[in-house]
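# Chain and residue survey
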Amino acid sequence: MENPEKALARRIRELRRRHFGARGKARLAELLGLNLADYERFERGTLPPGEMLVKICEITGEDLQWLLTGVAGRGTVVISGTRKRHQDLLTRLARMLDDQPELAAPIEAFVDLLGATPRRSERPELPAPQVDTLIPIYHPEELPEVISDPDGPSGFRALAPLAANLARSPVYKSELSEPAVAYDQRAARPVQTVMVAAEEGIDPRRCLCSAELVQGMPGMLGMEIVDEIMVPMFRPGEAALLVPGAEPRVGKPVVVRVEQEQAARCRIWLGHDDESASLGRLCDDEVERVVLTRIRWAAEVLYRLSAA
């Protein structure tokens with residue numbers, strides 16, 4: 001039977017790999033205020049002090065009781081890799097309700113509506129695509145180096161299709177999910193994509209059809225994945241969805257546009273120092289270092305779009 005110290009070390013290693021990757025020891029040690037050798041002792045079985053365990057959970061957003069015992073706390077939902085994001089969302093909602101208590105009723109109604117959404121197994125019929133519900137998907141080489149106004153001449157929307165012949169455009173069943181290394185098909189949401197021709201003689205553009213995302217995340221767009229560098233999180237032919245201005249977070253996928261490079265790239269954001277940023281590759285665990293002044297923009301990837 002595994003002794004408690006080894007079990008704790010195994011869970012620390014699991015959190016480190018989950019949030020910082022196979023080569024993320026140095027980054028987690030830095031965030032904990034430790035040198036690498038001291039941190040590695042924790043992964044080998046040395047018992048960390050209590051305040052260090054609390055700090056590990058604060059950095060990763062994971063459940064302290066699970067880290068200590070391997071069992072989630074009562075009433076705690078452990079969502080692998082996304083818990084910190086959900087905690088931030090709940091904190092924002094609590095502050096909003098404190099400042100504007102009149103919002104309680106519409107928020108409760110919206111939550112009830114989400115809870116009543118049919119499960120994926122029922123595969124509800126989706127509404128026909130409309131022009132104002134389209135989220136365009138771009139090739140990495142199309143994404144510009146400068147984002148000022150997303151709707152302006154240098155913005156993403158300037159690249160969007162005219163959708164003049166949407167009614168004649170083919171529609172495909174697709175799936176939307178949060179990016180992860182391992183996917184639970186039950187968590188995937190059915191959506192539609194459509195191939196829209198901007199004008200005659202121009203190749204049609206793939207677009208996601210989602211009124212909810214267009215309304216809730218104005219300016220959202222997608223970037224087509226064209227290589228295997230981010231397998232298994234993203235595979236060729238899938239798309240990474242982002243909102244310009246969404247700040248990158250350590251351990252999360254990002255789309256990065258680097259000055260004078262031909263195309264944008266999708267990587268894991270591993271943090272930065274005063275001179276450069278670290279970008280992780282999933283296919284081989286390699287880390288790319290990019291000079292900060294060469295990064296024109298970087299935005300967190302919020303969703304993965306894949307074929308049904």
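## Points about unusual backbone geometry
- Here the residue pair Val-231 and Pro-232 is connected by a cis peptide bond, since its omega of 10° sits within 30 degrees of zero.
- By secondary structure assignment, the location of Pro-232 is in the loop between strand E5 (221-224) and strand E6 (239-242).
- At Gln-260, a position not held by glycine, the phi torsion is positive, near 65°.
- Among the structural elements, Gln-260 can be located in the loop between strand E7 (253-258) and strand E8 (265-272).
- Among the residues examined, Gln-260 registers a relative accessible area of 71% and is labelled exposed.

## Comments concerning helix H3 (residues 36-44)
- Among the residues making up H3, those that are buried are Tyr-39, Phe-42 and Glu-43. Along the axis of H3, the buried positions cluster into a sector of 100°, meaning they face one direction only.
- Of the surrounding elements, those touching the buried residues of H3 are helix H1 (4-20), helix H2 (25-32) and helix H4 (50-60).
- At the N-terminal end of H3, a side-chain oxygen is found 3.2 Å from the backbone nitrogen of Ala-37, two or three residues along, and the residue is Asn-35.
- Looking at the residues trailing H3, positive phi occurs at Gly-45, about 125°.

## Observations regarding the pattern of salt bridges
- Under the definition given, this model contains 18 salt bridges.
- Glu-261 is paired through a salt bridge with Arg-265; the nearest N and O atoms lie 2.5 Å apart.
- Classification of Glu-261 as partly exposed rests on a relative accessible area of 25%.
- Salt-bridge contacts for Arg-267 lead to Glu-288; the nearest nitrogen and oxygen are separated by 3.0 Å. Of this pair, Arg-267 sits in strand E8 while Glu-288 sits in strand E10 (residues 287-291); the two residues are 21 residues apart in sequence, bridging distant segments of the chain. Here Arg-267 matches Glu-288 in class, with each residue buried.
- Each of Glu-261, Arg-265, Arg-267, Arg-281, Asp-284 and Glu-288 takes part in salt bridges that share partners, so that together they form one network.

## Topic: the side chain of Thr-60
- Within the fold, Thr-60 resides in helix H4.
- A relative accessible area of 3% means that Thr-60 is categorised as buried.
- At a separation of 2.9 Å, a polar atom in the side chain of Thr-60 contacts the main-chain carbonyl oxygen of Ile-56.

## Focus: the packing of aromatic side chains
- A full pass over the atoms with the stated rule returns zero aromatic pairs.
- The ring of Tyr-183 carries Arg-304 above its face, with NZ or CZ at 3.7 Å from the centroid.

## So, the side chain of Arg-257
- Along the chain, Arg-257 turns up in strand E7.
- Although Arg-257 is buried, it forms no salt bridge, and the closest oppositely charged side chain is Glu-145 at an N-O distance of 4.5 Å.
- A distance of 2.6 Å separates the side chain of Arg-257 from the backbone oxygen of Leu-143, its partner in a polar contact.
- In terms of polar contacts, Arg-257 uses its side chain to reach the backbone carbonyl oxygen of Glu-261, at 2.8 Å.
- Not counting the four nearest positions on each side in its chain, Arg-257 is found in contact with Glu-141, Leu-143, Pro-144, Glu-145, Gln-262, Ala-263, Ala-264, Arg-294, Ile-295, Arg-296 and Trp-297.

## Some details on the environment of Val-54
- Here Val-54 shows up in helix H4.
- By relative accessible area, which is 35% here, Val-54 ends up partly exposed.
- Separated by eleven residues in the primary sequence, Val-54 and Gln-65 have C-alpha atoms spaced 9.9 Å apart.

## Considerations on the confidence of the model for the chain
- In the predicted model, the chain carries a mean pLDDT of 81, and 76% of its residues have values of at least 70.
- In the predicted structure, residues 74-82 sits below a pLDDT of 50 and forms 15 contacts with residues beyond four places in sequence or in another chain.
- Note that pLDDT drops below 50 for residues 117-123; the model gives that stretch ten contacts with residues more than four away or on any other chain.

## Looking at the packing of H1 against H3
- Direction vectors running N to C along H1 and H3 enclose 120°, while the axes themselves pass 6 Å from each other. Relative to H3, the element H1 lies oblique. Each of Ala-9, Ile-12, Arg-13 and Arg-16 in H1 lies in contact with H3, whose residues at this interface are Tyr-39, Phe-42, Glu-43 and Arg-44.
- Tallied by class, residues from the contact of H1 with H3 come to four nonpolar, no polar and four charged.

## With respect to the pairing of strand E9 (residues 276-280)
- Counting buried residues along E9, five of its five residues qualify, which places the element largely inside the surrounding structure.
- Going residue by residue along E9, you find Ser-276, Ser-278 and Gly-280 tucked away on one face and Ala-277 and Leu-279 tucked away on the opposite face as well.
- Bridge analysis of E8 against E9 gives three bridges, and the strand direction is antiparallel. Looking at the pairing, His-272 lines up with Ala-277 of E9.
- Between E8 and E9, which pair antiparallel and follow one another directly, the connecting turn spans three residues.
- For E9 and E10, the ladder comprises five bridges, and the chain directions are antiparallel. Within E10, the position partnered with Gly-280 by the bridge is Val-287.

About the criteria used
Residues numbered from 1 in each chain as written. Predicted model: local features only at pLDDT ≥ 70, side-chain atom pairs only at ≥ 80, totals over all residues. Heavy atoms only, no water. Helix = DSSP H or I, 4+ residues; strand = E, 2+ residues; numbered from the N terminus. Buried < 20%, exposed > 50% of the residue type's maximum accessible area, 1.4 Å probe, protein only. Arc of directions from axis to C-beta. Contact = heavy atoms within 4.5 Å. Polar contact = N/O pair within 3.5 Å; in protein donor to acceptor, adjacent residues only side chain to side chain. Salt bridge = Lys/Arg side-chain N within 4 Å of Asp/Glu carboxyl O. Phe/Tyr/Trp six-rings, centres within 6.5 Å; stacked < 30°, edge-to-face > 60°. Lys NZ or Arg CZ within 6 Å of the ring centre and 35° of its normal. Lys, Arg positive; Asp, Glu negative; His and termini not counted. pLDDT = per-residue confidence, 0-100. Axes fitted to C-alpha atoms, helices over the stretch in contact; angles between N-to-C directions. Parallel < 35°, antiparallel > 145°, perpendicular 65-115°, else oblique. Nonpolar A, V, L, I, M, F, W, Y, C, P; charged D, E, K, R; others polar. Pairing = 2+ DSSP bridges.

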